[in-house]
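# Examination of the molecular architecture
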Amino acid sequence: MSSTGDDDRDSDEIVIHHDPDIYAEDGSLRSDFLMHVGAAIADRDTIYLRQHVAGLHASELGDLLEAIQPEQRVALVLLLGKDFDLAALTEVDEGIRLDIVEHLPNEQIAEAIGEMDSDDAVYILEDLDQEDQEEILAKLPFTERVRLRRSLDYPESTAGRRMQTEFVAVPPFWTVGQTIDYMREDDDLPESFTQIFVIDPTFKLLGAVDLDRVLRAKRSVKIDAIMRDTSHSVPAEMDQEEAAQLFEQYDLLSAAVVDENGRLVGVLTIDDVVDVIQEEAEEDFLRLSGVGDEELSDSVAEAARSRIPWLFVNSITAFVSASVIGLFDATIQQIVALAILMPIVAGMGGNAGSQTMTVTVRALATRGLDIHNAPRIIRREAGVGLLNGVIFGAFIGLVAGVWFQDPDLGGIIATAMLINMMAAALAGILIPLLLEKSGADPAVSSAVFVTTVTDITGFFSFLGIAAWWFRIA
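Numbering of residues starts from 1 in each chain and follows the order in which that chain's sequence is written. Local features in this predicted model are restricted to residues of pLDDT 70 or higher, and side-chain atom pairs are both shown and tallied only at a pLDDT of 80 or more, whereas totals for entire chains, interfaces and linings draw on every residue. Only heavy atoms go into the side-chain values, all of them from the structure, while hydrogens and water stay out.

## Side note on the overall build of the protein
Numbered from the N terminus, helices here are DSSP runs of H or I no shorter than four residues, and strands are runs of E no shorter than two. Along its length, the protein carries 21 helices and six strands. In this treatment the radius of gyration is a C-alpha quantity, and the globule benchmark scales as 2.2 Å times the residue count to the 0.38 power. In terms of overall dimensions, the protein is more spread out than a globule: its C-alpha atoms have a radius of gyration of 30 Å, far above the 23 Å expected for 473 residues. Projected onto its principal axes, the C-alpha coordinates of the protein cover approximately 100 × 60 × 40 Å. Each residue's exposure class comes from its accessible area (1.4 Å probe, protein chains only) as a fraction of the maximum for that residue type: buried when under 20%, exposed when over 50%, partly exposed otherwise. Within the span of the protein, comprising 473 residues, buried residues form 44% of the whole. A separation threshold of at least 6 residues defines the contact pool for the protein, and within that pool the share at least 24 residues apart is 66%. Note on areas: these come from Shrake-Rupley sampling with a 1.4 Å probe, and a residue is covered only by the protein chains present in the view. About 25,200 Å² of surface is accessible on the protein, with carbon and sulfur atoms providing 55% of the total. Note on charges: Lys and Arg go in the positive column, Asp and Glu in the negative column, and His and the chain ends are not counted at all. Each charge is placed at NZ for Lys, CZ for Arg, CG for Asp and CD for Glu. Placing the 33 positive and 81 negative side-chain charges of the protein at their respective mean positions leaves the two points 8 Å apart. Working rule for contacts: check all heavy atoms of both residues, and any pair within 4.5 Å makes them a contact.

Spelled out as structure tokens, the structure:
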């Protein structure tokens, strides 16, 4: 218990401390804070947890859930009970979120969801089984239940799933004074907003008014006189990544979400878009490495399962590369130096191809590369490959010639390096473009094919030139 000496304070009231120093200089949670929280969980010290944990921001509480041991997470949530902010589950990996939700009664989830913004509520509900979803929704007020069902009906990763269904909308014939009075008197408004949307009787979106314009206008001015067209409204079925690109392109803070008939159904805000950008960037990075949607909270079996498919494809392509080497086994037996230098050619080509591929995949994801500028970008990458091939071919050729005291060998590897660097540059841009054109995800598929091209080209050019040169020499 904590007491301040105030006579009128309830003796059972617990003072919640907001500790701004729970993070170390490197951005991680302080070890002593984690130690105290762990001890409190072990001792079932609910007073400490309510004082020092319950008042944390949802993102801070999410960091704490990810930092503590798996068996401590559920215990912490159960010990806090109704004092646990369920919004923290929007800040953690899906595996952690599901593990915690499975241990909570649906009554507690429904009560917490009723106090959340609709976008956060949908984020939690969408991962639950249909039966649990229905049971939780049935416990909510009718209006809230209808709003959440509408969002859940939209496909995953769309603006409709990400939108917030709480917004402020007024008719165009209202005056500024009426609008201000409405916002002051209505208790069912969003906690924060920057725009007021203008709609007709059928809820069709007509325009929007920024709050600063409302505050600057006289009370007698009608809303339609100060509203602006919402040329950047977002269709509810639009992919969330495309919606995020609209925000980036037009510097939006919020945008109206409309259905197929142009009726206002929600609002997409910048905080949700930031989450989308982060998620999409992480997803592209993981797919580029061939690990799918793996998360740190996944078990050993789940992590292995997500990596096996592309490792299997890579093993097949490795045999293809090895078969190219087998074509020149006699040459390699005669000149052992070739076996020593082979990995240099393939490795340099692989790295160069990965550089080009990464730039290309990112450009495709951000719509920076399209049919209009593709020829120019391809020529640029070919030029980069040629320049790098000349520079590193000369450097490695010189080193190899001095190392093995054989100028011919230096010239062979220099030529092979030039060829492979050119092939790597072209493969790094053409393979993602072809995969994108065929409907495949270049972030997932490109790496294996680019590596295969550079390995085969590197081995074949190096060993082929060597076999030809030493045959005629």
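Now, onward.
## Quick look at the sheet that holds strand 1 (residues 169–170)
The sheet built from three strands is open, its strands ordered 1-2-3 with mixed pairing. Every interior strand has two partners, whereas the edge strands, strand 1 and strand 3 (205–210), have only one. Where strand 1 and strand 2 (residues 195–199) come together, two bridges link them in parallel fashion. Each residue of the ladder has a partner; that of Ala-169, found in strand 2, is Phe-197. The pairing criterion for strands is at least two bridges between them, as found by DSSP.

## Structural notes on the sheet that holds strand 4 (residues 234–235)
Paired through backbone hydrogen bonds, the strands of a sheet run either parallel or antiparallel to each other. One open sheet accounts for three strands, arranged 4-5-6; its pairing is mixed. Lying at the two open borders of the sheet, with one neighbouring strand each, are strand 4 and strand 6 (264–269). In terms of strand pairing, strand 4 meets strand 5 (residues 254–258) through two bridges, oriented parallel. Its bridge partner being in strand 5, Val-234 is matched across the sheet by Val-257. Sheet strands touched by helix 14 (residues 240–250): strand 4, strand 5 and strand 6. Its angle to strand 6, the strand with the most contacts, is close to 65 degrees. Helix axes are fitted to C-alpha atoms over the stretch in contact, other axes to C-alpha atoms as well, and angles between N-to-C directions run from 0 to 180 degrees.

## Points about the packing of helix 19 (residues 374–403) against helix 20 (residues 407–438)
Each pair of packed helices can be described by the angle between their axes along with the distance between the axes. Direction vectors running N to C along helix 19 and helix 20 enclose 155 degrees, while the axes themselves pass 7 Å from each other. It follows from the interaxial angle that helix 19 and helix 20 lie roughly antiparallel. Where helix 19 crosses over helix 20, the two elements pack in a sense that is right-handed. When grouped by side-chain class, the residues that make up the contact of helix 19 with helix 20 number 19 nonpolar, seven polar and one charged. Roughly parallel here means an angle under 35 degrees, roughly antiparallel means over 145, roughly perpendicular means 65 to 115, and every remaining angle is called oblique. Crossing handedness is read from the near helix: turned anticlockwise from the far helix by less than a right angle, it gives a left-handed crossing, and turned clockwise, a right-handed one. Amino acids are sorted into nonpolar (Ala, Val, Leu, Ile, Met, Phe, Trp, Tyr, Cys and Pro), charged (Asp, Glu, Lys and Arg) and polar (every other residue, Gly among them).

## A short note on the nonpolar core
Buried residues of nine kinds, namely Ala, Val, Leu, Ile, Met, Phe, Trp, Tyr and Cys, make up a nonpolar core once their side-chain atoms join them within 4.5 Å. Of all hydrophobic cores here, the largest spans 45 residues; its most connected members are Leu-49, Leu-64, Leu-86 and Ile-113. Apart from the residues within four sequence positions on either side, Leu-49 is in contact with Val-37, Ala-40, Ile-41, Ala-54, Leu-76, Leu-79 and Leu-80. Judged by nonpolar contacts, the second largest core, of 25 residues, contains Val-324, Ile-335, Ala-352 and Met-421.

## Description of the environment of Arg-162
One can find Arg-162 in helix 10 (residues 159–162). For Arg-162, a relative accessible area of 10% corresponds to the buried category. Arg-162 sits 11 residues away from Ser-151 along the chain, and the two C-alpha atoms are 7.9 Å apart. Once you skip the residues sitting within four places of it in the chain, Arg-162 turns out to touch Asp-119, Tyr-123, Gln-240, Leu-268, Asp-272, Asp-275, Val-276 and Glu-279. By the criterion applied in these results, polar contacts are pairs of N or O atoms within 3.5 Å in which, for protein atoms, one can donate a hydrogen and the other can accept it, and in which residues neighboring in sequence qualify only through two side-chain atoms. A polar atom in the side chain of Arg-162 sits 3.1 Å from the side chain of Gln-240.

## Topic: the pattern of salt bridges
The working definition used for a salt bridge is a side-chain nitrogen of Lys or Arg within 4 Å of a carboxyl oxygen of Asp or Glu. Under the criterion given, the structure shown has 13 salt bridges. Of the charged contacts, one joins Arg-216 and Asp-212 as a salt bridge, the two residues approaching to 2.9 Å between their closest N and O atoms. Here Arg-216 pairs with Asp-212, and both are found in helix 12 (residues 211–216), just four residues apart, close to one helical turn.

## Considering the environment of Val-198
Turning to its location among the elements, Val-198 is positioned in strand 2. Exposure remark for Val-198: the relative accessible area of 0% places this residue in the buried category. Separated by 24 residues in the primary sequence, Val-198 and Trp-174 have C-alpha atoms spaced 9.7 Å apart. Setting aside residues up to four positions removed in sequence, Val-198 forms contacts with Val-170, Pro-171, Pro-172, Lys-204, Leu-205, Leu-206, Gly-207, Ala-208, Val-209, Ile-223 and Met-227.

## Looking at helix 20
Expected helix span is computed as 1.5 Å times (number of residues minus one). End to end, helix 20 covers 46 Å across 32 residues, agreeing with the expected 46 Å (1.5 Å per residue, within 8%). With a side-chain oxygen positioned 3.0 Å from the backbone nitrogen of Asp-408, the residue opening helix 20 is Asp-406. Just past helix 20, the residue Gly-439 takes up positive phi, approximately 95 degrees.

## Thoughts on the pairing of strand 5
Of all five residues that make up strand 5, five are buried, and the element is covered over most of its length. Burial along strand 5 is two-sided: Ser-254, Ala-256 and Val-258 facing one way and Ala-255 and Val-257 facing the other are all buried. Inspection of the sheet shows strand 5 paired to strand 6 by five bridges, in the antiparallel sense. Looking at the pairing, Val-257 lines up with Gly-266 of strand 6. Adjacent in sequence and paired antiparallel, strand 5 and strand 6 are bridged by five residues, among which Gly-262 carries a positive phi angle near 80 degrees.

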